[in-house]
Amino acid sequence: MTNKPICKAPFIALRYSADGYMVPCCWMKTIPYLKKNSTSIESYWENKTIKKIRQQMLDGVLPEGCKRCTNVDDTINYSRIEFYDRILDKDLDNYSVDQPLGLYQIDLNFSNKCNLKCRHCGPWNSTAWVKDYKQLQQLEPHFKNLNYKINTDSTDLIHQKKYFKNIKRLDFKGGEPMMQDEMYILLDNLIKWDYAKNIHLVYITNGTKPYDHLKDQWNKFKSIGIGLSFEATGDLFSYVRGGEGFTWKQFNENLQGYTKINNLQYLSLTHSIMNFTLFDLPQQVEFIIDTYHRYNLKPKATVHNHFFDNVVTNPAFLDPVILHKDIKLKLIKLYEKYNYKSIEPIKNRLISTLEYDNEKQWKLFKSYTKSLDKIRNTNLIDHVPEFEDYLE
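Asks: Just to check I follow, could you spell out the overall build of the chain for this structure?
Replies: Along its length, the chain carries 14 helices and seven strands. Taken over C-alpha atoms, the radius of gyration comes to 22 Å for the chain, in line with the 21 Å a tight globule of 392 residues would show. Principal axes of the C-alpha set define a box for the chain whose edges measure 60 × 45 × 45 Å. Taken over 392 residues, the chain has a buried fraction of 55%. For the chain, contacts bridging at least 24 residues in sequence account for 69% of all contacts bridging at least 6. If you sum the accessible surface of the chain, you get close to 18500 Å²; carbon and sulfur atoms cover 47% of it.

Asks: Whenever I open this one, the pattern of salt bridges confuses me. Can you help?
Replies: For the structure shown, the criterion picks out 16 salt bridges. We note a salt bridge from K8 to D91, for which the minimum N-O separation is 2.6 Å. Residue K8 is located in the segment before α1 (9–12), and its partner D91 is located in the loop between α4 (79–87) and β3 (105–108); the two are separated by 83 residues in the primary sequence. Looking at K8, the relative accessible area reads 3%, which means it is buried. Exposure remark for D91: the relative accessible area of 26% places this residue in the partly exposed category. A salt bridge links E42 to K162; the shortest N-O distance between them is 3.1 Å. Taken together, the residues span a long stretch of sequence, with E42 in helix α2 (residues 41–46) and K162 in the loop between α5 (130–139) and β4 (169–172) at a distance of 120 residues.

Asks: Would you mind going over helix α8 (residues 234–241) with me for this structure?
Replies: Two residues of an α-helix separated by three or four positions point the same way, owing to the 3.6 residues in each turn. All of the buried residues in α8 are L236, F237, Y239, V240 and R241. The inward-facing, buried residues of α8 abut β6 (223–229), α9 (248–258), α13 (359–376) and α14 (380–383). Following α8 by one or two positions, G242 adopts a phi angle in the positive range, close to 65°.

Asks: Just checking my understanding: could you explain the state of the cysteines for this structure?
Replies: In protein structure, a disulfide is the covalent linkage between the sulfur atoms of two cysteines. Here the structure, examined in full by the defined rule, presents zero disulfides. C69 takes part in no disulfide bond, and the closest cysteine sulfur, belonging to C66, lies 6.1 Å away. The structure places no disulfide on C118, whose sulfur is separated from the nearest cysteine sulfur, that of C121, by 6.2 Å. Look at C118 and you get buried, because its relative accessible area is 10%.

Asks: What am I meant to see in α5 here?
Replies: Of all the residues in α5, the buried ones are V130, D132, Y133, L136 and Q137. Projected down its long axis, α5 shows its buried positions confined to an angular sector of 155°, all on one face. For α5, the exposed residues set more than 90 degrees away from the buried face come down to K131 and Q138. Residues of α5 that are buried sit in contact with α13.

Asks: Sorry if this is basic, but what is going on with the nonpolar core here?
Replies: In globular proteins that are soluble, nonpolar side chains generally tend to be buried together. Residues F164, L170 and W218 are the most contacted members of the largest nonpolar core, which totals 123 residues. Excluding its chain neighbours within four sequence positions, the residues that come into contact with L170 are I106, L108, F164, L186, L190, I199, H200, L201 and V202.

Asks: Honestly, the sheet that holds strand β2 (residues 22–23) in this entry has me stumped. Any pointers?
Replies: The seven strands lie next to each other as β2-β1-β3-β4-β5-β6-β7, forming an open sheet whose pairing is mixed. The two strands at the open ends of the sheet, each matched to only one other strand, are β2 and β7 (264–270). As paired elements, β3 and β4 share four bridges and run parallel to each other. By the bridge assignment, D107 is partnered in β4 with D171.

Asks: Sorry, what's going on with the packing of aromatic side chains here?
Replies: Aromatic ring pairs are described here by two measures, namely the spacing of the ring centres and the angle between the planes. The full count for this structure, using the stated rule, is 29 aromatic pairs. On the basis of an interplanar angle of 85° and a centroid distance of 4.9 Å, the ring pair of F83 and Y84 is categorised as edge-to-face. No difference in accessibility class separates F83 from Y84, as the two residues are buried. Taking 5.0 Å as the distance between ring centres and 25° as the angle between the ring planes, the aromatic pair formed by F172 and Y203 counts as stacked. Separated by 31 residues along the polypeptide, F172 in strand β4 and Y203 in strand β5 (residues 200–205) bring together distant segments of the chain.

Asks: Would you explain the pairing of β6 in this entry?
Replies: Successive side chains on a regular strand alternate, one facing one side of the sheet and the next facing the other. Burial runs high along β6: seven of the seven residues are buried. Of the pairings in the sheet, the one linking β5 to β6 comprises six bridges and is parallel in character. Within the sheet, the bridge partner assigned to T205 lies in β6 and is L228. Two elements, β6 and β7, share six bridges in a ladder whose sense is parallel. In the sheet register, L228 faces β7, and the bridge partner there is L269.

Asks: Would you mind going over the packing of helix α10 (residues 281–294) against helix α11 (residues 325–338) with me for this structure?
Replies: When two helices pack together, you describe them by how their axes are tilted relative to each other and by the distance separating the axes. Between α10 and α11, the shortest axis-to-axis distance is 10 Å and the interhelical angle comes to 35°. In contact with L281, P282, Q283 and E286 of α10, α11 contributes L334, Y335 and Y338.

Parameters at a glance
- Residues numbered from 1 in each chain as written.
- Predicted model: local features only at pLDDT ≥ 70, side-chain atom pairs only at ≥ 80, totals over all residues.
- Heavy atoms only, no water.
- Helix = DSSP H or I, 4+ residues; strand = E, 2+ residues; numbered from the N terminus.
- Rg over C-alpha atoms; globule rule 2.2 N^0.38 Å.
- Buried < 20%, exposed > 50% of the residue type's maximum accessible area, 1.4 Å probe, protein only.
- Contact = heavy atoms within 4.5 Å.
- Areas by Shrake-Rupley, 256 points an atom, 1.4 Å probe, with all protein chains shown as cover.
- Salt bridge = Lys/Arg side-chain N within 4 Å of Asp/Glu carboxyl O.
- Disulfide = S-S within 2.5 Å.
- Arc of directions from axis to C-beta.
- Core = buried A, V, L, I, M, F, W, Y, C linked by side-chain atoms within 4.5 Å.
- Pairing = 2+ DSSP bridges.
- Phe/Tyr/Trp six-rings, centres within 6.5 Å; stacked < 30°, edge-to-face > 60°.
- Axes fitted to C-alpha atoms, helices over the stretch in contact; angles between N-to-C directions.

Quick look at the structure:
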């Protein structure tokens, strides 16, 4: 084998996004003019920008769009790079700038169709958000000039057998992947083409949809991986997720159902950390540990090895660093009381930014919260009373 690249993504993988763009990896910054509605996969694969990215990878240099794989000290974060190493059973014989088109992993996001309206999301990722967003634009000057587009479903790829002959893994995201008609059609096609037995399916889902109707299809595939996002526990869960009538109890019932999938390889609980959920983190740690042990999920989670590091930084006003200093001190005290190593990254983030003052983003957080509460007839203080003295 010659010329092993620092990362294999542009040689073996594709991110096929609901916003119309194609890139090698979902961590990579969008390449503006490589849109699936104006560029075929073949044209994308042969594009000079993609070839330049391959050359940089062969030279051992991460391209500009790969900043997310660079740590704050400019060292390389290998977690995503190793993800692509694991896709292949063995290395390809050769990697080149003019790599022949052969896809081993595709990250699929067919549309922004979703039934929830999470507070850290928006209409660009959820159709359920559209009505509230229009009202928010009327109440909040900050959002008036922020345009959004309703993404339309794309069916071109799912009927093209040639793209799937080497596939080892398919990742379905959203929106909510369980609501995307194209996903069901593609599964049927993969079964018909006799490719299913070689493919590991992965879903990032909000857990609102039981999997019963997928049981027959999933049984034909090599294995299933489920990432269930939950963001918060108890009543705060419904407040943050913004779902009409979808409760914490229902989420747990669906979670239990997912643990019974015949060919389940793993089930993981994923969460995004934002200002609304910080006081709930100890309860989230305990919920995750209890769930992993109750259903014998692997690897076993403990208060010391399940780290909370997926922090919402866009929009910036949901990032914990912009909080009032007094709130940060309350959170630090709470986290020290529990002494869970899982929460240490967040505690350290708060400590290091105690003197950070971003009045603009703090005001945006307060106005956004109060306006969205008005639109949805909710009240953050009912769920997180620690904010009571700071939202006036």
